[in-house]
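Structural overview
So the chains spell out like this:
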Amino acid sequence: MSAVLKEKVKKVSTYCYQCVNGPDLLTVEVVDGVATRVEPNFDLRGEHPADGKVCVKPFGLVQKLYNPHRIKRPMKRTNPKKGRHEDPGWVEISWDEALDICAAKMNAARQKGVQDENGNPRLAFTTGGAATPFKYMGSFPALLFAWGPFDQSLGAGGTVKCYHTEHMFGELWHRAFTILPDTPRCEYLISFGNNIDASGGVTGVRRHADARKRGMKRIQFEPHLSVTGANATEWIPIKTKTDSAVLFSMLHVLLHETALDKLDVAFLRERTASPYLVGPNGFYLRDPKSKAPLLWDKRTQQAVAYNTPGTEPAIVGTFFVEAAIEIGADEECWAHEKIEAATGLEKARQLIAECTPEWAAEIADVPAATIRRITNEYLAHAHIGETETINGREIPFRPVCTVLGKSVNNGWGGYECVWAHTMLQVLVGALEVSGGMLGSTTHLAGDTDWDRLSTVEAGEDGFMRHTFTPTSKAEWNKAPINRHANDALTPMSGTSMGQQLFGSTTLAWLRLQERAAASWPKPNPPDIWFVYKCNPAISFSELDKMNDVMATFPFIAAFAYTFDETNHYADVIMPEATDLESDQLLRIGGGHYFENHWESEGWALRQAVVPPQHEAKDFSWIANELARRTGLLEAYNAVINGGACGIPLQGEGYDYALDLTQEHSQEEVWDAVCKAASHDLSGGKEVHDLQWFRDNGFKTRPYSRLNWYLHPLMEDNNLRYELPYQERYFRMGQELAKRLHETDVHWWDRQLAEYTPLPRWHDLNKLWDELIEKNHKVRAADYPFWLLTGRSMQYAWGANVGIQMMKEVADNVFGHDGIIVNTGKAREMGISDGDVIEVTSPVASTRGIARLRQGVRPDVLIMLAQFGQWKTPYAKDLQRTGLNALVPMNQDYIDGGGASIDGTKVYITKAEAA
Amino acid sequence: MNSFGNELQTSWDWRAAGNFMFGGAGAALVLMAAAASYPNSPHWLVGLSSLALIGLGLLLVWLEIGRPWRALHVFFHPQTSWMTREGSVGTVLFPLALMGIFMKIPALIALAGLLGLAYLYCQGRILKATRGIPAWREPGIVPLIIATGLCEGTGLLILMLAALKQQQQWLLFILPAFIAFRAASWLTYKTKLAASKAPPKTLAILDGIHPLTLWGGNVVPFVLLIAASLLPGATSLLAGIAAALAVLSGWWMKFTIVARAAQVQGYAVGKLQKGRPNIKPPVRRQKDKFVFDREYKRLAQD
Amino acid sequence: MTRYVMIADLNRCVGCQTCTAACKHTNATAPGVQWRKVLDVEWGEYPDVERLFMPVGCQHCADPPCMHVCPSTATGQREDGIVTIDYELCIGCSYCTVACPYQARYKVDKAEFAYGETPMESEAKLFDEKRLGVAQKCTFCADRVDAGVEQGLTPGLDAAATPACVNACIADALSFGDIEDENSNVSELLAENTWFQMHAELGTEPGFYYLWDQEVAAEVAANE
Ligand SMILES: Nc1nc2c(c(=O)[nH]1)N[C@H]1C(S)=C(S)[C@@H](COP(=O)(O)OP(=O)(O)OC[C@H]3O[C@@H](n4cnc5c(=O)[nH]c(N)nc54)[C@H](O)[C@@H]3O)O[C@H]1N2
Ligand SMILES: Nc1nc2c(c(=O)[nH]1)N[C@H]1C(S)=C(S)[C@@H](COP(=O)(O)OP(=O)(O)OC[C@H]3O[C@@H](n4cnc5c(=O)[nH]c(N)nc54)[C@H](O)[C@@H]3O)O[C@H]1N2
Ligand code: SF4
Ligand code: SF4
Ligand code: SF4
Ligand code: SF4
Ligand code: SF4
Ligand SMILES: [Mo]
């Protein structure tokens, strides 16, 4: 130790983006050119929400760097037969050869045309980790965009198994790709399976620890006592997949058991569509001339256009309207005279009229009294009427929030849950205001994920502008481009650059297996599939079938760190420079995914703290090489100039653009990006080059907390949140149904049925039983357990399961080495801790060690994190079970938005005693 | 407040147990042999085997330590370490005992005997000082270790003298006394332990060996010895069996306590308190007359 | 005078093990050796269950049994209460290990590395042969503390003078400081919160305090 200190030691600043909560900055100690230790970056104390600390995962990066199992140089397969049990027969090759092989395939594809006979892109690219790998890909995205249409529909489980429903509706309603509480001010937080203390990263954990210390109450509805439940004020072991019942009954308490004036009436009246009157066909009643939605003006006792000045809108009730029109799907128009119409909020009230706490108690196994108590505590803590002044701007102060975990978000029931929990905010005015529920960032509403405010502008009917993929007869895309047809089937996935990620990647894989979209041709696999930092062979569902399909792909080029279950099927493997070996400039601060909201913003550099190991190459270098070899250099440079590396190289008062015709080294590229970024950040006052960022790590400027909230903008533009009633969504669904039926597509009807203006409550447990009986010819009663998963702070999906130290420290947290089973239930079945049990779902079975615990429902099993590796070095020797092999993939299990569930019904049997 | 994580300690295995089994028996054998032969030397075979037993115990320990070539450092802390004290007593004991065996100096013989007893006592205190192992730190361990040592030593002596045809009758009367002492110590030890916060596993294991220890290891040999004194014809046979039982049961009991019932203290949450704690200074502050100064230490290891 | 102690706030700790990892980095401990680790405990019976994360490690006792039993005087104690091990005096008898009521001590007899026999570059760089066959445990990062104090920094307040696990803790659950200073960060934390010491009844006077919520403690007691 002291011996070491004598030697030359330097500390290098870089960032970690191993999980969605990044980026977080760290420093790496380098002793005579060897990276030895990870430490916080305290230069960010006071700016970064966790004072410059990093979570446990980056501490694994040193082992990741020197891991002997790394792919050391490019390789190609010599055994043309692909299969799980085939040896690819890897032989090492030079980078030249590897790149030439890829370039040749790409050029050949271009010759034939970038799209195949079905119109699907011949080139597909898949990455995982909820798109965090983009933060490691240097200038490679520029190559993809220079290429033209490329398919991203072959997902790895991200988004469709994440917060898919929140992604889509959250962005529509309040630019919330995901939502977060205003934790530093929140007083009362209700979580339905949101496992923030494991999944919220360093900033989430810190903000919540501070909030608890401050006295914030956290109520955790969850089938098992998660890491997060451990520190909750109250753990409520809710029955799996019944959250919507509890949420609906909470709305019932507020709308049927509470006096209206106890709610935030002003907010409902001014900032929401509560007053908009709904016509007999389910669309807004509109002014015959202006076509503006109508509301009931209490003062003049008549229906007037919503934007009429000086009105006093009624938010609940049914009113007698003299004359109005209704506009339905495909501009269909109805003229009405003398009709009764209820307000949007009245419709919502009617929707949940029967949903009493007593009703929910039966379904969810949560006492009615508890639901009432919690709802009233929530209301009490909302401080309706209070305000806070930030930089001279007065905004409402509503320190209450409800959050959903991804397992509540994905698959059937997501719509109910996301709508209901957002409505709970709306009723007390706790949306996008101090202390309440905030949106994190945008990916669908716009491409400026660092600045969601810039996407807020006036659209139709007094709402925010939000574009869907068109469903009108004229514009609907009958020839979908991507294999999951997001551009035809899931209009909510929108038109942003990231739109493909929000289509039904589940459907793409099912189609390749000829198990879905019966009336459409089976798509060809892509001519070229680039995979990077994702492992669909482990992380998606019904894995055997996934593996079989991958084996049929003609050419897979994998950027690889170690062997894994997906690159096992690759034709060429290329080791890119990893976390501590490569360069990239990235935006920090402002607002990010989850709880990474700062009061400053700026840029940070990820840099090679040591030269790349072996023959690993920086992604930007790889991109340059492929651009040249495919003759795309000019386009590639143009895309970089256009902003593909994070910021346009030409902008107000600056021009660091690259010469289009020349090839530029990765240093030149990032040097230009550094200058453009620092110029933009400082308004030209401080322009810094790559070397400056290497030495200093990051550059920030203040970012007003006012920017955390949409409220000021909504007020200034006099906009309304598109809640409670979903007219546009309803219309879109009807149009989509027409389009599909016109082309004889009927296999999407189950999904189309979800496009209702208000979510209908479904008994999901009943639904699942029906569906598995229908699809797998089994007796649902034989599958008494829900098999669920849960995040682990120590693991980033399956990305770091090959790191010894992560395994060592993760094992201090209960259950990583087995399957968590309720102690009482296990004893009843003669299973003791350590016994090997067999877990069987309708599609597969697996074995693992039973870990007995009281903190889990007797009808639930938990498999933490993402295991089941059979190829990834080190991880495969741990013999740990993952649930994905057991989770069925089936079109019936895809919800209206295209997402699918990440759990399954199972039964267990004892295999061997400990 | 229930404690958790009290698994079996793995730092001291059968080798350490061996030191308590053989070293303890050997030390007591030194004492009893001396007593039995005083003022004369004990038979050299008896004398040497007693030392051999102690030596075997120490050898086993030496095999267990991580830095055997620094073994001499064991002598650095006589002020508080019962391991240093055991080592020191052992070091004096060997030469004295050898002299006692080969040159008939009554004083040395007596002294050696007393050192044997001291050695035995050290062993008891070594265990008592391990605050991390409830089964060892129980104060009742000290009389138990001494009692069983005496039983083992006396038992061995009886067997050897029988082999050497030099049996001494009084040994057949003192052994039952020692056995009674051991039985009593065992019972109090177990009751006290059960009353303390000993891990359930520890208690279960000790309960497991209880019947055989009590009946087979104590009551039966006791009865046999009484019988031995009543049936002159069968004396040596019965006494022999009794002695053997006394020795083996003692070893088995010590092996169990050291190697199997040594569950650690475990972790626990404590009693909640409010306000500033009244803090005690680190003991090292009271200018510790005991610690050798640094220089000495450095010298000591080179 | 100065006595350094550590505080773990159980209401904050989420069991993330960042401290565990930070210690492994800072002190280059062998695989399986965790001078700092965080337990994951459960009480009660479904559905009345409490789950708790509890950082453990050497408590730097004011009256340390490990020191009293140590035959070689390798285990020592500084005036500031930090309990030390002199790797060159230690004979590796593990007496201290069994004497310690807090399972704080480890011994590694032969060199082992993350991926087997051969060390990775990073491991080779930090490998210290002195550690083999001797007792080892948390040092309270005495080297960091001393280096910091030399520069006039305050342990517990200035990162450069503060133990690595405390610096790394992402929930700010760990604190370090001088308990003999009435106004130090740690003195104030203890004055303001309810707390306990582990196995206080053993008279070891641990230099490690746990902040814990009264209500939670009550529930745990109830669920026993
Ligand atoms: N069991 C289970 N499965 C799940 C989930 C769950 O909760 N439980 N969650 C689902 C969700 S929400 C998501 S977002 C997805 C995420 O799942 P994926 O998107 O598939 O991401 P990972 O599983 O992290 O895949 C990472 C892969 O990249 C490799 N890798 C790691 N580091 C590097 C590197 O530096 N370079 C290269 N080239 N490769 C690297 C690893 O070997 C690993 O195979 O998982 C889904 N699947
Ligand atoms: N450390 C770490 N952090 C991560 C990630 C990671 O891999 N590692 N991944 C990131 C990504 S991509 C995502 S999507 C997020 C996901 O993070 P979260 O959604 O916060 O948490 P998970 O633990 O993945 O969700 C599973 C939890 O939902 C509960 N659950 C399952 N079914 C139900 C139900 O029907 N009702 C209720 N109420 N609860 C239920 C389970 O008990 C479990 O606790 O985490 C992100 N953060
Ligand atoms: S939360 Fe942890 S893993 Fe995720 S980006 Fe931050 S430091 Fe990295
Ligand atoms: S915790 Fe154990 S090792 Fe640390 S000082 Fe106390 S007794 Fe010694
Ligand atoms: S192992 Fe070392 S430190 Fe522990 S008691 Fe033995 S000599 Fe002392
Ligand atoms: S104080 Fe230092 S040595 Fe002790 S646990 Fe923390 S980091 Fe490790
Ligand atoms: S780093 Fe802090 S929060 Fe995480 S386990 Fe350690 S003490 Fe607990
Ligand atoms: Mo995700």
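Please refer to the structure placed before this passage.
Residues numbered from 1 in each chain as written. Chains lettered and ligands numbered in written order. Predicted model: local features only at pLDDT ≥ 70, side-chain atom pairs only at ≥ 80, totals over all residues. Heavy atoms only, no water.

This paragraph deals with the overall build of chain B. A tally of helices and strands in chain B yields 10 helices and one strand. When the helices and strands of chain B are read in sequence order from the N terminus, they spell out α-α-α-α-α-α-α-α-α-β-α. Its C-alpha atoms give chain B a radius of gyration of 21 Å, within 12% of the compact-globule value 19 Å for 302 residues. Buried residues in chain B amount to 52% of all 302 residues. Of all intrachain contacts in chain B linking residues separated by at least 6 positions in sequence, the fraction that spans at least 24 positions is 77%. Total accessible area on chain B is roughly 13000 Å²; 72% of this is exposed by carbon and sulfur atoms. Of note, chain B has its 28 positive side-chain charges centred 7 Å away from the centre of its 11 negative side-chain charges. (Helix = DSSP H or I, 4+ residues; strand = E, 2+ residues; numbered from the N terminus. Rg over C-alpha atoms; globule rule 2.2 N^0.38 Å. Buried < 20%, exposed > 50% of the residue type's maximum accessible area, 1.4 Å probe, protein only. Contact = heavy atoms within 4.5 Å. Areas by Shrake-Rupley, 256 points an atom, 1.4 Å probe, with all protein chains shown as cover. Lys, Arg positive; Asp, Glu negative; His and termini not counted. Charge placed at Lys NZ, Arg CZ, Asp CG, Glu CD.)

Residues and elements named next belong to chain A. Taken in spatial order, the three strands of this open sheet run β1-β2-β3, and their pairing is antiparallel. Edge strands, defined here as strands with exactly one partner in the open sheet, are β1 (9-16) and β3 (34-40). Adjacent strand axes in the sheet meet at a mean angle of 30°, parallel and antiparallel pairs treated alike. Across six bridges, the pairing between strand β2 (residues 24-31) and β3 is antiparallel. If you follow Thr27 over to β3, its bridge partner there is Glu39. (Pairing = 2+ DSSP bridges. Axes fitted to C-alpha atoms, helices over the stretch in contact; angles between N-to-C directions.)

In this section: a nonpolar patch on the surface. All names here are of chain B. A cluster of nonpolar side chains, Trp44, Leu45, Leu48, Leu98 and Phe102, forms an exposed patch at the surface whose accessible area comes to about 480 Å². Only α2 (44-64) and α3 (82-102) provide two or more residues apiece to the nonpolar patch. The element that contributes the greatest number of residues to the nonpolar patch is α2, accounting for three residues. With respect to the helices and strands, the residue Trp44 is situated in helix α2. (Patch = residues over 30% accessible without salt bridge, like charges linked within 9 Å, V, L, I, M, F, W, Y side chains within 5 Å. Salt bridge = Lys/Arg side-chain N within 4 Å of Asp/Glu carboxyl O.)

With 75 residues of chain C at the contact, the number on the chain B side is 59 residues. Remark: the boundary between chain C and chain B carries three salt bridges. The closest approach of N and O atoms between C:Glu129 and B:Arg67, which form a salt bridge, is 3.5 Å. Our count for the contact surface shared by chain C and chain B stands at 36 residue pairs in polar contact (both at pLDDT 80 or more). Elements supplying a minimum of two residues to the side of chain C that touches chain B: β2 (36-45), β3 (48-57), α2 (65-69), α3 (95-99), α7 (185-192), β9 (194-196) and α8 (214-223) of chain C. Looking at chain direction, strand β1 (residues 273-274) of chain B and β9(C) are connected through two bridges and run antiparallel. Directly across from B:Gln273, in β9(C), lies its bridge partner C:Trp195. (Polar contact = N/O pair within 3.5 Å; in protein donor to acceptor, adjacent residues only side chain to side chain.)

Right, let's talk about the site of ligand 2 for a bit. All names here are of chain A. Among the 33 residues in the neighbourhood of ligand 2, the closest are listed as Lys241, Asp243, Lys406, Arg791 and Tyr795. The contact in question runs from a nitrogen atom of ligand 2 to an N or O atom on the side chain of Lys57, over 3.2 Å. Within the backbone of Lys241, an N or O atom sits 2.7 Å from an oxygen atom of ligand 2. Against a free-state accessible area of 910 Å², the protein chains account for coverage of 99% of ligand 2. Those elements that provide at least two residues to the shell around ligand 2 are α6 (196-199), α14 (406-409) and β29 (785-790). Residues of the shell around ligand 2, tallied by class, amount to 15 nonpolar, 12 polar and six charged. (Near = heavy atom within 4 Å. Nonpolar A, V, L, I, M, F, W, Y, C, P; charged D, E, K, R; others polar.)

Next up on the list: a negative patch on the surface. Residues and elements named next belong to chain C. There is a patch of like negative charges on the surface, built from Glu45, Asp48, Glu215 and Glu219. Along the chain, Glu219 falls in helix α8. In this structure Glu219 comes out as partly exposed when scored by relative accessible area, which is 37%.

All names here are of chain A. When strand β17 (residues 387-390) meets strand β18 (residues 393-396), the two strands line up antiparallel, connected through four bridges. Following the sheet pairing, Glu388 is matched in β18 by Ile395. Here β17 folds back onto β18, and the loop between the two strands holds two residues, one of which, Asn391, carries a positive phi near 45°.

Once that is clear, we can look at the pattern of salt bridges. Tallied over the entire structure, the rule returns 91 salt bridges over all chains. Taking the shortest distance from any N to any O, the salt bridge between A:Glu377 and A:Arg373 comes out at 3.2 Å. Of this pair, A:Glu377 and A:Arg373 both sit in helix α13 (residues 368-381), four residues apart, which is roughly one turn of that helix. A relative accessible area of 26% places A:Glu377 in the partly exposed class. For A:Arg373, a relative accessible area of 34% translates into the label partly exposed. For the salt bridge of B:Lys190 with B:Asp207, the shortest nitrogen-to-oxygen distance reads 2.9 Å.

Here we take up the interface of chain C and chain A. Counting from both sides, the interface comprises 52 residues of chain C and, opposite them, 60 residues of chain A. Around 4600 Å² of area is buried between chain C and chain A when both sides are counted, 55% of it from carbon and sulfur atoms. Run the count over chain C and chain A and you get eight salt bridges. The residue A:Lys213 makes a salt bridge to C:Asp9 at a minimum N-O spacing of 2.6 Å. (Buried area = accessible area lost by both parts, 1.4 Å probe.)

Before going further, it helps to examine the site of ligand 4. Neighbouring ligand 4 are 13 residues, the closest being C:Cys58, C:Gln59, C:Cys61, C:Cys66 and C:Cys100. Here the shell around ligand 4 is composed, by residue class, of nine nonpolar, two polar and two charged.

The next point concerns the sheet that holds strand β16 (residues 333-343) of chain A. Remark on secondary structure: sheet strands pair via backbone hydrogen bonds, oriented parallel or antiparallel. All names here are of chain A. Spatial strand order, β11-β16-β15-β12: four strands in an open sheet with antiparallel pairing. Two strands in the sheet have a free side with no partner beyond their single neighbour: β11 (277-278) and β12 (285-286). Pairing of β11 with β16, which is carried by two bridges, proceeds in the antiparallel orientation. Bridging from a neighbouring strand, Leu277 pairs with Thr343 of β16. Those strands touched by helix α11 (residues 344-351) are β11, β15 (318-327) and β16, and its axis lies near 60° from that of β16.

Residues and elements named next belong to chain C. Relative to the helices and strands, Gln136 resides in strand β7 (residues 135-136). Engagement of the side chain of Gln136 in a polar contact is seen with the side chain of Trp35, the distance being 2.9 Å. Beyond its immediate stretch of four places on either side in the chain, Gln136 contacts Thr29, Val33, Trp35, Ile85, Tyr87, Ala104, Arg105, Tyr106, Val108 and Arg131.

All right, on to unusual backbone geometry then. Residue A:Pro724 is bonded to the preceding A:Leu723 through a cis peptide linkage, with omega at 0°. Relative to the helices and strands, A:Pro724 resides in the loop between α24 (711-716) and α25 (727-742). Residue B:Pro39 is bonded to the preceding B:Tyr38 through a cis peptide linkage, with omega at 0°. Within the secondary structure, B:Pro39 is located in the loop between α1 (14-37) and α2. Phi at A:Arg175 takes a positive value of approximately 55°, unusual for a residue other than glycine.

Our focus in this paragraph is the environment of C:Lys110. All names here are of chain C. Of note, Lys110 is situated in the loop between β6 (106-107) and α4 (121-126). We classify Lys110 as partly exposed; its relative accessible area is 48%. Expressed as a C-alpha distance, the spacing of Lys110 and Ala30, which sit 80 residues apart in the sequence, is 10.0 Å.

Below, the discussion takes up the environment of B:Gly24. All names here are of chain B. Examined against the element boundaries, Gly24 turns out to sit in helix α1. According to the relative accessible area criterion, Gly24 is buried, its value standing at 0%. In the structure, Gly24 is positioned 96 residues away from Leu120 in sequence and 5.6 Å away in space, judged by C-alpha atoms. Excluding residues that lie within four positions of it along the chain, Gly24 makes contacts with Asn19, Leu120, Gln123, Gly149, Glu152 and Lys254.

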